[in-house]
Amino acid sequence: MLREAVDQDVVLLVVGDPFGATTHSDLVLRARALGISCQVVHNASILTAVGCCGLQLYSFGETVSIVFWTDTWNPESFYDKIARNRSMGLHTLCLLGELKNEISWCAYDMFGTGTADIKMKEQTVENMMRGRRIFEPPRFMSVRQAAEQLLDIVQRRREQGDGNLGKHDLTENTICVGLARVGASDQQLAAGPLAAFIQADLGPPLHSLIVTGHLHPLERDMLSQHALPGWTWPEPYEDHTKTPNTTNAEA
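Rules behind the numbers
Residues numbered from 1 in each chain as written. Predicted model: local features only at pLDDT ≥ 70, side-chain atom pairs only at ≥ 80, totals over all residues. Heavy atoms only, no water. Helix = DSSP H or I, 4+ residues; strand = E, 2+ residues; numbered from the N terminus. Buried < 20%, exposed > 50% of the residue type's maximum accessible area, 1.4 Å probe, protein only. Areas by Shrake-Rupley, 256 points an atom, 1.4 Å probe, with all protein chains shown as cover. Phe/Tyr/Trp six-rings, centres within 6.5 Å; stacked < 30°, edge-to-face > 60°. Lys NZ or Arg CZ within 6 Å of the ring centre and 35° of its normal. Pairing = 2+ DSSP bridges. Patch = residues over 30% accessible without salt bridge, like charges linked within 9 Å, V, L, I, M, F, W, Y side chains within 5 Å. Salt bridge = Lys/Arg side-chain N within 4 Å of Asp/Glu carboxyl O.

### Things to note about the overall build of the protein chain
Okay, step 1: When helices and strands are tallied, the protein chain shows six helices and nine strands.
Okay, step 2: A burial count over the protein chain gives 42% of its 251 residues as buried.
Okay, step 3: With the model as given, the accessible surface of the protein chain reaches about 14,100 Å², and the carbon-plus-sulfur share is 52%.

### Considerations on the environment of Phe 140
Okay, step 1: With respect to the element layout, Phe 140 can be found in strand β6 (residues 139-140).
Okay, step 2: Judged by its relative accessible area of 36%, Phe 140 is partly exposed.
Okay, step 3: Considering only alpha carbons, one finds Phe 140 and Leu 206, 66 residues apart in sequence, at a separation of 7.2 Å.

### Structural notes on unusual backbone geometry
Okay, step 1: The omega torsion of the bond from Pro 205 to Leu 206 falls at 15°, within 30 degrees of zero and hence cis.
Okay, step 2: Inspection of the secondary structure assignment puts Leu 206 in the loop between β8 (188-193) and β9 (207-211).
Okay, step 3: Its identity as a non-glycine residue notwithstanding, Arg 181 has a phi of 55°, on the positive side.
Okay, step 4: Residue position: Arg 181 is located in the loop between β7 (175-180) and β8.
Okay, step 5: Overall, the relative accessible area of 9% leaves Arg 181 in the buried class.

### Structural notes on the packing of aromatic side chains
Okay, step 1: Evaluated as defined, the whole model comprises one aromatic pair.
Okay, step 2: Ring centres 5.0 Å apart and planes at 55° place the aromatic pair Trp 231 and Trp 233 in the tilted group. Just as Trp 231 is buried, Trp 233 falls in that class too.
Okay, step 3: The aromatic ring of Trp 233 is capped on one face by Arg 220, whose charged end is 4.8 Å from the ring centroid.

### Some details on the sheet that holds β9
Paired through their backbone hydrogen bonds, the strands of a sheet run either parallel or antiparallel.
Okay, step 1: Overall, mixed pairing links the five strands, which are arranged β1-β2-β9-β7-β8 in an open sheet. Looking at strand neighbours, the two that pair on one side only are β1 (64-65) and β8, the edges of this open sheet.
Okay, step 2: Across two bridges, β1 lies against strand β2 (residues 92-95) in parallel orientation. Its bridge partner being in β2, Val 64 is matched across the sheet by Cys 94.

### Thoughts on a nonpolar patch on the surface
Okay, step 1: Together, Met 1, Val 10, Leu 12 and Val 14 give the surface a local cluster of nonpolar side chains, amounting to about 300 Å² of exposed area.
Okay, step 2: For Val 10, a relative accessible area of 33% corresponds to the partly exposed category.

### Notes on the pattern of salt bridges
Okay, step 1: Per the stated rule, a full pass over the model turns up eight salt bridges.
Okay, step 2: Note that Arg 157 is salt-bridged to Asp 80, the shortest N-O span being 3.0 Å.
Okay, step 3: Under the relative-accessibility criterion, Arg 157 is labelled buried at 19%.
Okay, step 4: Among the ionic pairs, Glu 172 bridges to Arg 158, the shortest N-O distance being 3.1 Å. Residue Glu 172 is found in the loop between α5 (143-160) and β7, and its partner Arg 158 is found in helix α5; the two are separated by 14 residues along the sequence.
Okay, step 5: What makes Glu 172 partly exposed here is its relative accessible area of 28%.
Okay, step 6: Because the salt bridges share partners, they merge into one network encompassing Glu 76, Asp 80, Arg 156 and Arg 157.

In structure tokens:
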């Protein structure tokens, strides 16, 4: 692509905002090193579209990716980042990115919808070993599958801690938000405890998940509009996250 761009116009179309992925930053750097000028047209992104659920964007911490586990690869680093965000009272947007040859990346659709894990053109180990270009059907991670993996980690951490969890660890009752097909006419939002998402069906892909931190009363009111069937806020509601030092939400 860069070779062709030396003496003619070349267009790269991507989904979401181009600089939502470091891959595109690398492409710009390589183009400029070759003296090729670049023009970027920005687009919607799930990083801002998540505001539709009512959580305040400046109350989000580091974004994480949750990928499909395999029989031999069960990464948990995203869980520690979620707990770190919660220790500061911050929400966590979980992009559910692609796992391909054990490399995780995050995808966005035309509506700026961060995806759950997507497996595209995935091969079985046997077909890879034999050099067969035979691919499995695409797979999209759902909020339900993401919740199952998070709860598996919660259980392991509980066992490692002799039955106890850290103050900012997730539990079955941690309030989460499921988002599906954000920006589409049939988008769906759901709020409730993490364990409840094991039974939740948000319909077709693409899905994202938010693990909440400290909740401002206005955020609670907004999430109440999207409560899972049969779930209501516990009274009194115990917020186990640290209240942020900033007072923007009170302004």
